[in-house]
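Per-entry structural report
Given next are the chains, with one letter for each unit.
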Amino acid sequence: MKKSFFTVSAVAGLLAVATSFSSRDVIETPVKNSLEVPHKESKTQTFKIRYGLLSKSGTKLLSGTYDLGGFVAENTTSGELYFSEGYRSLPQYSEEIPEGVYAFSGIQGQGGWVGYGTVIATVSEANVDAEGYITVYIPIMWEE
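Since this is a predicted model, take the numbers as computed values, not measurements.

**Brief notes about the side chain of Asp-67**
You can see Asp-67 is positioned in the loop between β3 (64–65) and β4 (68–75). Arg-88 provides the closest opposite charge to the buried, unpaired Asp-67, separated from it by 6.4 Å. At 2.6 Å, the side chain of Asp-67 forms a polar contact with the backbone nitrogen of Trp-113. Asp-67 has contacts with Gly-109, Gln-110, Gly-111, Gly-112, Trp-113, Val-114 and Tyr-116, leaving out every residue within four places of it along the chain.

**Some details on the side chain of Ser-55**
For Ser-55, the position within the fold is in the loop between β1 (46–54) and β2 (60–61). Take Ser-55: its relative accessible area is 16%, and that puts it in the buried class. For Ser-55, the side chain forms a polar contact with the side chain of Ser-57, separated by 3.0 Å. What Ser-55 contacts, discounting residues up to four positions off in sequence, is Leu-61 and Ile-140.

**Notes on the sheet that holds strand β8 (residues 100–108)**
The strands that make up a sheet are held in pairs by hydrogen bonds between backbone atoms, and each pair lies either parallel or antiparallel. Here 4 strands make up an open sheet; going across it, the order is β5-β4-β8-β10 and the pairing antiparallel. Whereas interior strands pair on both sides, the edge strands pair on one side only; in this sheet they are β5 (81–83) and β10 (118–123). Adjacent strand axes in the sheet meet at a mean angle of 30°, parallel and antiparallel pairs treated alike.

**What to know about the pairing of β8**
Judged from the 7 bridges that link them, β4 and β8 form a sheet pairing that is antiparallel. Its bridge partner lying in β8, Leu-68 is registered against Gln-108. Alignment of β8 against β10, held across 6 bridges, turns out to be antiparallel. Paired with Tyr-102 across the strands is Ala-121, a residue of β10.

Conventions adopted
Residues numbered from 1 in each chain as written. Predicted model: local features only at pLDDT ≥ 70, side-chain atom pairs only at ≥ 80, totals over all residues. Heavy atoms only, no water. Helix = DSSP H or I, 4+ residues; strand = E, 2+ residues; numbered from the N terminus. Buried < 20%, exposed > 50% of the residue type's maximum accessible area, 1.4 Å probe, protein only. Lys, Arg positive; Asp, Glu negative; His and termini not counted. Salt bridge = Lys/Arg side-chain N within 4 Å of Asp/Glu carboxyl O. Polar contact = N/O pair within 3.5 Å; in protein donor to acceptor, adjacent residues only side chain to side chain. Contact = heavy atoms within 4.5 Å. Pairing = 2+ DSSP bridges. Axes fitted to C-alpha atoms, helices over the stretch in contact; angles between N-to-C directions.

Take a look at the structure:
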């Protein structure tokens, strides 16, 4: 009987010590103001880019097949890259380009017969044409 009384007393003592160190005494949980509105991601407007080439003589080209690996648009602020869909033939397109200033360039094709320049342009609602695209003409800098 003494042994069981001692065991019960020891367990009760340990329980009392354990509850005195409960986590609610150590960690405080911040209370949220019920009037706070959760932050929602703002939906950024995006635009469709149509790529063409500008020949060395100044002619705008929106059709044909060229030694072309595609096009790339680099956001001048974030450095984020967007690539066109397809290669070799024109026109090419990039979908869902967010508003901003971009450096648009042509990517040299496998043959290495043509070199392309870079155009800095702003992607915004003001530059959308009647067909719903922002058309960017990348200059051909050299060709063999």
